Structure formats: C-alpha cells, structure tokens
Amino acid sequence: MHLRCSDGQCSTLLDIRDRALSCPRCGDLLEVGLGPGPFDADSLKQIWLERRISSDPRDRSGIWRFREFLPDLYDPGAVVTLEEGNVPLLAAPASSRYAGLDHLWFKHLGWNPTGSFKDGGMTVAVTQARHLGATQVASASTGNTAASMAAYAARAGIAARVYLPQGAISMAKLAQSIDYGAEIVQVEGNFDSALERLLRSAGPEVYFLNSINPFRIEGQKIVVFSLMEQLDWKPPDYIVLPGGNLGNASAFGKALQELKATGLIEKVPRMVVVQAEGANPFVRMWQSGIPRLEVIREPRTAASAICIGAPRSWKKALRALQFTGGLCLDVSEEEIAEAKAVIGGEGIGCEPASATTLAGIRRLIRQKKMDPAATVVAVLTGHALKDTDYIIRAQKRPVSSIESQISGSGV
Ligand SMILES: *Cc1c(COP(=O)(O)O)cnc(C)c1O
Ligand SMILES: [Zn+2]
C-alpha cells in the first residue's frame, strides 16, 4: 500500500506514511493506492452483509464495514470511530414531484454523528493521524470539517486546531467545535484565506486534515459503496452532489472507479456536481471547455458550506466527471431556498448547501437534460440544524403570525 500522484501520467509513488499533501514532482494531489485485491464481488457483498449483525466496533461503523477498500494499516482496536456512516437512503416522493422526476432518493449524510458527511472521512484520517503518532491535527473549514475533526480528535486524544473564516460560518457549527474542545483560530476573510493561513502557519508537528488529505477521501468514498448496497447493487442513472472544495466529488469518482473495476457494479452512474451561482468556479471552467480553474476572489452564497472560490480538488473532480460521463451546473440563491423548503416540507430537512442537489435536478429536468424516468440519488451533505438562522431568515411568514397560529390552534 502506498500514496500515489493522482495524475495518472505522473505515476509518482510515495510511502504510505509520507505526510506530503501534494506530489513532489508535479504538484498534483495525492491519493491512496488500493490494497491487495483482486476481490471477488459476490463474496465481498456477502461479507459486508454478514458484518451487519456483528458487534465488532469496525463492523458497526457504516464506513469500516467496507474496510477491504480502506487502508489496512490499523489494529482493530486502533480505529477511531463514532459508528458513523449508518445513514438511510430515503425515498422522497414530494421532492421527486417538485423536480419532475419519477424516482428520487436522498442519501442523508447529515444524519452522521456530527451532522455532516465529513465524519465518513474523519474516522479514517484521524485513525491515520494517531497511527502516525500525531499530537495535533488542524484544518481550515467552513464549519463542518472543523466540527467533525474536533469530535474525532477528541475521541483519539489528539489536540485539534481549527481555522474558521470570521463571521462566515453558522453558529451551530462554531458551537460544535467549541463543545468538542478544539482550539479556534478565527481568520478575517473567507474559507480560501483560512486555508492559506493554515498552510502557511502550521509547523511539522501538525497533521493536516483538509479534504486534500488522501485518507479523508478514502473514508468519504465509502458512501458510494453503502448506497449501492442499499440499492441492492443496482446503480442509479445519476448521483447528484453539491460541490465546494470538490473533495467529495473526487471521493465519489474514486469509489465509482473501484466499484466498476471490481465488478461490484456493471454500469457507472453519471455524477452531477451542483454549485451556487455566486461560488461556481468549477462550473465556469466546465462551460469554458478549458481545463484551467479561474479562482473567484469573493465567492458569495448563503449556502456557507460551499462558499469556496478556489477549490483545491478540481482536477480530481474533473477526472471524476469525465470518467462517469457526468456534468456540472449552478443554481441561484432562490432556487436553493425553494428546494430546501421542499426537502424540509417532506420531513427530511437539510442544510442549504445540500439543497443545491434538488434545485439542480429540477433545472436539468426543465432543460430536458435529464430524463424524468431516470433513477437519481441526491446526496444531502448536512443536517437541517446546522444552519437554523438561514431557515428563520428564509421563513416568509413573520414570527408573530406563527405565534398566533399556535395559540389559535389551542396549543
Ligand atoms: C463540506 C460540505 C460541502 C462541500 O463538500 P466539498 O467536498 O468541499 O465539495 C457541501 N455540503 C456540506 C454540508 C458540507 O459540509
Ligand atoms: Zn505527480
């Protein structure tokens, strides 16, 4: 097992214990090279199913249950887990109707221990941090990475420091990081400045847990294995997810490649990445047809989790779109708010960034770029309670009328 350059043409290999975040030869991001293999698809499916009734902590995690596709470096007791990854694939009839689609499911990653998909990556990356003997971990974040890292570092007994853009993240996310005991560094500016500051200021004793960390990508990747299992290994036509720093899109691309190569799926779903109009550097690049990302200096969207102008993982994400025959698009603030209300209105709920998925699907249907009979899985990345201010602001009725409704109903 080794780290390798994610640019297939470069093929530089590094030791799996190397802490480099980019290829020393070409500067591209690194990824984990897969273990021994080759695997037999049918026996893997059987093993994963049997583990569901086991009480081994690794089997109780919805991530480590699929550990044949994770780094195999750790003793069973060394895994840092909060039983993450056991989240449902929900049928969503009202949202389907809203989008104009027959079959839509939500994979709700907001129902993870700290309320976002970041937990799937952190369980692996913090396990690796402890394996390397790190005493401090750090990340820059729009809030969810920080909350997740803080929780897993606390479980592992490792100090955590988070760099957050001042005033640009939700109070709930900030409160989580404080609650889990992380050291907070507030940085003026946006996420991109917080990440720059982190990369400049941290010393060699610090282990980095931003989404360019290849071990996080490995954990996040497992979500696709899990959703395929929930669909009885019948791939949907599309998987739709929001794009910020594009770590998750990269992870999904790697998963789909490995699932296909192993014969766990026959057909590769098309991946759709949705960004907010005010923070859409990846969409602009896609539309230009030139594979060179122009940074947006002042990204703007109320969906703070994807308010990112300089996504680090854009090359990996681009390869993922190319591999899956996918596409990307952007949606307006109004479309996000409306879609979010529809998802909430059927008792599911999510944070604003997650609602870009439903907004994006609706657009694709209206533009006749997606067949209404297609089967679609949309990935809800964060919990509704992550950003309650947004909900109150978007609420069209004044609060007093809610009060009178409540008293009028005799409650
Ligand atoms: C981190 C995050 C995103 C963006 O994911 P990337 O991997 O940065 O593209 C989207 N939604 C939520 C809720 C997040 O926490
Ligand atoms: Zn390289």
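Residues numbered from 1 in each chain as written. Chains lettered and ligands numbered in written order. Predicted model: local features only at pLDDT ≥ 70, side-chain atom pairs only at ≥ 80, totals over all residues. Heavy atoms only, no water.

Student: Before we go on, may I ask you to explain the coordination of the zinc ion (ligand 2) in this structure?
Tutor: Geometry reference: four tetrahedral donors at a metal, ideal angle 109.5 degrees. Six octahedral donors, ideal angles 90 or 180 degrees. Taken together, C5 (SG), C10 (SG), C23 (SG) and C26 (SG) make up the protein donors of the zinc ion (ligand 2), found 2.3 to 2.4 Å from the metal. Geometry at the zinc ion (ligand 2) is tetrahedral, judged from its four donor atoms and the angles of 98 to 116° they form at the metal. For the zinc ion (ligand 2), all donor residues lie on one chain, and their spacing in sequence is C-x4-C-x12-C-x2-C. Note on C5: relative accessible area 3%, which makes it buried. (Donors = N, O, S within 2.8 Å, 3.2 Å for Na, K, Ca; no water. Tetrahedral: all angles 85-135°; square planar, octahedral: opposite > 155°, others 65-115°. Buried < 20%, exposed > 50% of the residue type's maximum accessible area, 1.4 Å probe, protein only.)

Student: Sorry if this is basic, but what is going on with the sheet that holds strand 9 (residues 206-208) here?
Tutor: Think of a sheet as strands paired side by side through backbone hydrogen bonds, with each pair either parallel or antiparallel. Ordered by their spatial adjacency, four strands build an open sheet running 8-7-6-9, and the pairing between neighbours is parallel. Strands at the two margins of the open sheet, each flanked by one partner only, are strand 8 (183-187) and strand 9. This sheet shows a mean twist of 25° between the axes of neighbouring strands, independent of strand direction. (Pairing = 2+ DSSP bridges. Helix = DSSP H or I, 4+ residues; strand = E, 2+ residues; numbered from the N terminus. Axes fitted to C-alpha atoms, helices over the stretch in contact; angles between N-to-C directions.)

Student: I would appreciate a short explanation of the sheet that holds strand 1 (residues 2-5) in the present structure.
Tutor: Spatially, the three strands line up as an open sheet ordered 2-1-3, and their pairing is antiparallel. Looking at the sheet topology across the chains shown, the edges are occupied by strand 2 (13-15) and strand 3 (30-32). Each strand of the sheet is rotated relative to its neighbour by a mean of 35°, with strand direction disregarded.

Student: What is the right way to look at the site of ligand 1 in this model?
Tutor: Taken together, 15 residues lie near ligand 1, and K118, N144, G244, N245 and L246 sit nearest. Within the side chain of N144, one N or O atom sits 2.7 Å away from an oxygen atom of ligand 1. With respect to ligand 1, the backbone of G244 contributes an N or O atom lying 2.7 Å from an oxygen atom. Protein coverage of the free-state accessible area of ligand 1, which is 380 Å², stands at 96%. Taken together, the residues of the shell around ligand 1 break down into five nonpolar, eight polar and two charged. (Near = heavy atom within 4 Å. Polar contact = N/O pair within 3.5 Å; in protein donor to acceptor, adjacent residues only side chain to side chain. Areas by Shrake-Rupley, 256 points an atom, 1.4 Å probe, with all protein chains shown as cover. Nonpolar A, V, L, I, M, F, W, Y, C, P; charged D, E, K, R; others polar.)

Student: Where do I start with the pattern of salt bridges in this structure?
Tutor: Side-chain pairs of opposite charge can arise where the charged atoms are in close proximity. Across all of its chains, the model carries 22 salt bridges by this definition. Taking the shortest distance from any N to any O, the salt bridge between R52 and E229 comes out at 3.8 Å. You can see R52 sitting in the loop between helix 1 (41-50) and helix 2 (57-60) and its partner E229 sitting in helix 8 (residues 214-230), a full 177 residues away along the chain. Using a relative accessible area of 52% as the deciding quantity, one classes R52 as exposed. E196 is the partner of R312 in a salt bridge, and the nearest nitrogen-oxygen pair spans 3.4 Å. A residue pair is termed long-range when its members are at least 10 positions apart, and R312 in the loop between helix 10 (281-288) and helix 11 (314-324) and E196 in helix 7 (residues 191-201) qualify at 116 residues. Several salt bridges share partner residues, and in doing so they unite R51, D59, R67 and E68 into one network. (Salt bridge = Lys/Arg side-chain N within 4 Å of Asp/Glu carboxyl O.)

Student: What exactly am I supposed to notice about helix 8 here?
Tutor: Residues separated by three or four positions in an α-helix point in the same direction, a consequence of the helix having 3.6 residues per turn. When the terminal C-alpha atoms of helix 8 are compared, their 26 Å separation across 17 residues agrees well with the 24 Å that a helix rising 1.5 Å per residue should span. Most of helix 8 sits inside the fold, with 16 of its 17 residues counted as buried. The N-capping residue of helix 8, defined by a side-chain oxygen 2.8 Å from the backbone nitrogen of F215, is N213. (Expected span 1.5 Å × (residues − 1).)

Student: Please clarify how the environment of E50 should be interpreted in this entry.
Tutor: One can find E50 in helix 1. Here the alpha-carbon distance between E50 and R65, two residues 15 residues apart in the chain, equals 9.7 Å.

Student: Is there a simple way to explain the packing of helix 9 (residues 247-262) against helix 11 in this structure?
Tutor: Between two packed helices, what matters for the description is the angle formed by their axes and the separation of those axes. Their axes nearest at 8 Å, the elements helix 9 and helix 11 cross at an angle of 40°. The angle between helix 9 and helix 11 places the two elements in the oblique class. Crossing of helix 9 against helix 11: the hand is left-handed. Contacts from A249, S250, G253, L256 and Q257 in helix 9 reach K316, A317, A320, F323 and T324 in helix 11. (Parallel < 35°, antiparallel > 145°, perpendicular 65-115°, else oblique. Left-handed = near helix turned anticlockwise from the far one by under 90°. Contact = heavy atoms within 4.5 Å.)

Student: Any chance you could explain the pairing of strand 10 (residues 238-242) here in plain terms?
Tutor: Taken residue by residue, a regular strand's side chains alternate between the two faces of the sheet. Counting buried residues in strand 10 gives five out of five residues, a clear majority hidden from the surface. Side-chain alternation along strand 10 places Y238, V240 and P242 on one buried face and I239 and L241 on a second face that is also buried. Examined bridge by bridge, strand 10 and strand 11 (residues 270-276) share five bridges and lie parallel to one another. In the sheet register, L241 faces strand 11, and the bridge partner there is V273. Of the crossover connections in this fold, the one passing from strand 10 over helix 9 to the parallel strand 11 is right-handed. As paired elements, strand 10 and strand 13 (residues 375-380) share three bridges and run parallel to each other. The partner of Y238 across the bridge, within strand 13, is V376. (Right-handed = clockwise from strand over helix to strand, strands pointing away.)

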